[in-house]
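This is what each chain is made of:
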Amino acid sequence: MLCHTLVGKHTKMSEVELSCLAYAKMYLHASQFPRCSVNGLLLSSSPAGGTICITDCVPLLHSHLSLAPITQLALTQVDVWCSQTQQRIVGYYQANACVSDSSPTPCALKIAEKIFEQCNNAVLLMIDGEKMFPGCRAPPIVMYERKDARWALKDKHTIMLRQWEETCSIVNQLFSSGDQALLVDFDSHLDDITKDWTNQKLNAKIMELVSPANGNV
Amino acid sequence: MSSISELYDVTWEEMRDKLRKWREENYRNSEQIVDVGEELINEHASKLGDDIWIIYEQVMIAALDCSRDDLAWSCLQELKRQFPDSHRVKRLAGMRLEALERYEDANKLYDSILQDDPTNTAARKRKISILRAQGKSSEAIRELNEYLEQFVGDQEAWHELSELYINEHDYAKAAFCLEELMMTNPHNHLYCEQYAEVKYTQGGLENLELARKYFAQALKLNNRNMRALFGLYMSASHIAASPKVSAKVKKDNVKYAAWAASQISRAYQMAGRGKKENKCSVKAVEEMLESMQITMS
């Protein structure tokens, strides 16, 4: 009887919540570079413990994902920015160029490991390109979490996307208004350092669209 | 829905010239090419003269990129009608099949071109692209290596091969390809900088020093290459922080890193001027440079 109760305690799955802002920017990033593999970092502005709330993301690269210098540079800069803005890096996302294969690459696993060293409930998110089409009902994402020294598929029921319909509609609005072109990733920033990889402008546009959905006027 | 000429207040000649510029500089801005090209073809075909054929080709390829099979098909029909036995047009038909993921049919088409003309490089390259699209990287690498044994001067192929090796984490072979490219294109700062990135990734003191040298070389060729500047900063910092180097090497690298840091600061300060929105990135860089200085001293 005692064993049974103990087992019950230890198998509580950690839930992950993905905000509209984070989802929208990841989606836009993958759409902006359809022929490239893209990646980025998942951030949280909530305190550690309990449900992981992914509140934002930083799109990083669309070329040479497996080369070290720019990845290291980006990780360092995002780290700094996070400490300046009370956010934490809680995960990593990647969309593979080859649409039919959404499994994590060695490079994805490596970076996710690094993040896991600092955040013990870090998540690895792969974007499933095959599910990225208008009218698709399911979120095109596959999440992994660290379990028994490897990255294991996360139970879909522990992943929450609040207001999924509104999120889809917001993404569509961004495409029809042309605002999806506002997205800047770290790679593009290095091509032109006047561009803002924290995407303040785009964030503001997205938050504007989010508010009515929440009932906040 | 207003036309491109109305929206941007351009003449058909300007649209034609824009298309030529994109063609010559190999831009892959397919949505724009489709917008401009489709209007040009529909409204001004008669004025384009012989240019129309190369425009059909350009627009067709862009249309495939944008899943506009209707437009691709009509361009292809025009080209087939004008050039009924052309291998060049056959290759375009093959590309359309590729876009529809009918890879077996596409391969058959390319094989028939190669039977007729075994030296047709375009068809060979399309076959390799199909392998890539199917995720068959090792086969693509093998075919590309064979291709390069015959066509050793094909820059595009060497670069494609370096990309494939980088994706497979075979950095030594990627470096070899980039060395070929640097030899034949000594003024290209991008090849230097990519080579440096590969060396940095391979790691170890010797590779870091090589990386630093090639980042510096890339900067010499183009002093606005930010990746090279950051690369120089990071490689010099890592060398300086290594316990294995002599005092002189450490001193030299501290100097290189300090120089790079000041250049980075300057570049960001200039970039930050008057632009409120990139304040965050400027602040992040400043703090990063400060904190790395502390670890080096």
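Residues numbered from 1 in each chain as written. Chains lettered and ligands numbered in written order. Predicted model: local features only at pLDDT ≥ 70, side-chain atom pairs only at ≥ 80, totals over all residues. Heavy atoms only, no water.

A. Just the overall build of chain B, in detail. The number of helices and strands found in chain B is 16 helices and 0 strands. Scaling as 2.2 N^0.38, a compact globule of 297 residues should have a C-alpha radius of gyration of about 19 Å, whereas chain B reaches 25 Å, well beyond that. Relative to its 297 residues, chain B shows a buried fraction of 42%. Taking all contacts inside chain B whose residues are at least 6 apart in sequence as the whole, residues at least 24 apart take part in 49%. Roughly 16,300 Å² of accessible area belongs to chain B as shown, and the carbon and sulfur atoms make up 49% of that amount. The positive charge centre, built from 41 side chains, and the negative charge centre, built from 48, are 7 Å apart in chain B. (Helix = DSSP H or I, 4+ residues; strand = E, 2+ residues; numbered from the N terminus. Rg over C-alpha atoms; globule rule 2.2 N^0.38 Å. Buried < 20%, exposed > 50% of the residue type's maximum accessible area, 1.4 Å probe, protein only. Contact = heavy atoms within 4.5 Å. Areas by Shrake-Rupley, 256 points an atom, 1.4 Å probe, with all protein chains shown as cover. Lys, Arg positive; Asp, Glu negative; His and termini not counted. Charge placed at Lys NZ, Arg CZ, Asp CG, Glu CD.)

B. Layout of helix H13 (residues 205-221) of chain B. Taking 1.5 Å of rise per residue, the 17 residues of H13 of chain B would be expected to cover 24 Å, and the 25 Å separating its terminal C-alpha atoms lies within 8% of that figure. Elements that come into contact with the buried residues of H13 of chain B comprise helix H3 (68-85) of chain A together with helix H12 (189-202), helix H14 (226-241) and helix H15 (247-272) of chain B. (Expected span 1.5 Å × (residues − 1).)

C. Expanded view of the packing of aromatic side chains. If you walk through the whole model with that rule in mind, you get 12 aromatic pairs over all chains. Residues Trp53 of chain B and Phe83 of chain B carry aromatic rings whose centres are separated by 5.7 Å and whose planes lie at 85 degrees to one another, so their mutual orientation is edge-to-face. Within this pair, whereas Trp53 of chain B is found in helix H4 (residues 51-65), its partner Phe83 of chain B is found in the loop between helix H5 (69-82) and helix H6 (87-99), the two being separated by 30 residues in sequence. For Phe83 of chain B, a relative accessible area of 33% translates into the label partly exposed. An aromatic cluster is built from Tyr23, Tyr27, Trp164 and Phe175 of chain A, whose rings are joined through pairwise contacts. Arg146 of chain A extends its terminal NZ or CZ atom over the ring of Phe116 of chain A, reaching a point 5.0 Å from the ring centre. (Phe/Tyr/Trp six-rings, centres within 6.5 Å; stacked < 30°, edge-to-face > 60°. Lys NZ or Arg CZ within 6 Å of the ring centre and 35° of its normal.)

D. Region of the structure containing the confidence of the model for chain B. Residue-level pLDDT values for chain B average 92, and 96% of them are 70 or greater. For this predicted complex, the interface confidence score (ipTM) comes to 0.89, while the overall pTM stands at 0.90. (pLDDT = per-residue confidence, 0-100.)

E. Inspection of the layout of surface pockets at higher detail. Within this model, the second largest pocket holds a volume of roughly 1,000 Å³. Surrounding the second largest pocket, 33 residues form its lining, Thr71, Gln72, Leu75, Thr76 and Lys114 of chain A being those nearest its centre. Counting only elements with at least two residues in the lining of the second largest pocket, the list comes to H3, strand E5 (88-95) and helix H4 (106-118) of chain A together with H14 and helix H16 (279-296) of chain B. The element best represented in the lining of the second largest pocket is H3 of chain A, accounting for 10 residues. (1 Å grid on protein atoms, 1.4 Å probe; cavity = no way out; pocket = protein on both sides within 12 Å on 5 of 7 lines; lining within 4 Å. Points joined across faces, edges and corners; volume = space filled by probe spheres on them.)

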